[in-house]
Amino acid sequence: MKKTLILLSLLIALCVIPFFIDHGGEFGGADGQAEAQIMEIAPNYTPWFESLYEPASGEIESLLFTLQGSLGTAVIFYILGYYRRGRKDHDRH
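Keep in mind the model is a prediction, meaning the values are calculated, not measured.

Asks: Lay out the overall build of the protein with the relevant residues and their values.
Replies: Within the protein, the regular secondary structure consists of 3 helices and 0 strands. When the helices and strands of the protein are placed in sequence order, the string is α-α-α. By the burial criterion, 1% of the 93 residues in the protein qualify as buried. Of the roughly 9600 Å² that the protein leaves accessible, carbon and sulfur atoms contribute 65%.

Below, the structure written as structure tokens:
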């Protein structure tokens, strides 16, 4: 029980402490960094196509990205569960 409490408190500390450490930096995604590199290397570059939908804010964009990842994960694990269940049913017969 004591070991569990120590591990739980360490886990909580690892999750909470980074919120209070200020590195003075800004978090950015790989897309923004890639765009900056492209503009530095080839300033006259024009994209092949434009986005179909441009979210109103970064928060909405993050939400849509998270939903996309969650749906993809759900599909993958549904397929894995389906095939695993099918194999178990096949092994019974």
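Now that the structure has been shown, we can carry on.
Asks: Can you tell me about the layout of surface pockets, naming the residues and giving the values?
Replies: Quantified by volume, the largest pocket comes out at close to 980 Å³. In terms of lining residues, the largest pocket is bounded by 22 residues, among which Asp31, Gly32, Glu35, Ser51 and Glu61 are the most central. Of all elements in the fold, only α2 (30–41) and α3 (58–92) reach the threshold of two or more residues within the lining of the largest pocket. Sort the elements by how many residues they give to the lining of the largest pocket and α2 lands first, with 7 residues. The residue inventory of the lining of the largest pocket, partitioned by class, reads 12 nonpolar, 5 polar and 5 charged.

Asks: I'd like a description of the environment of Tyr53, backed by residues and values.
Replies: By secondary structure assignment, the location of Tyr53 is in the loop between α2 and α3. Those residues in contact with Tyr53 that sit more than four places away from it in its chain are Ile60 and Leu64.

Rules and cut-offs
Position numbers for residues count from 1 along each chain, tracking the sequence in the order it is written. Restriction of local features to residues with pLDDT of at least 70 applies here, the model being predicted, together with a cutoff of 80 or more for giving and counting side-chain atom pairs; totals for whole chains, interfaces and linings are based on all residues. The basis for every side-chain value is the complete set of heavy atoms in the structure, and neither hydrogens nor water enter the calculation. Secondary structure elements follow DSSP: runs of H or I of four or more residues count as helices, runs of E of two or more count as strands, with numbering from the N terminus. Exposure is judged per residue with a 1.4 Å probe applied to protein chains only, and the accessible area is read against the type maximum: over 50% gives exposed, under 20% gives buried, and values in between give partly exposed. Each accessible area is a Shrake-Rupley estimate made with a 1.4 Å probe; only the visible protein chains count as cover when residues are assessed. In this analysis, the protein atoms alone were mapped onto a 1 Å grid. Cavities are point sets where a 1.4 Å probe fits without being able to get out; pockets are open sets with protein on both sides within 12 Å along at least five of seven lines; lining residues have an atom within 4 Å of a point. Grid points are joined across faces, edges and corners, and a volume is the space filled by probe spheres set on the points. Here the term charged refers only to Asp, Glu, Lys and Arg, the term nonpolar to Ala, Val, Leu, Ile, Met, Phe, Trp, Tyr, Cys and Pro, and the term polar to all other amino acids, Gly among them. Note on definitions: a residue-residue contact is assigned when non-hydrogen atoms from the two residues lie within 4.5 Å.

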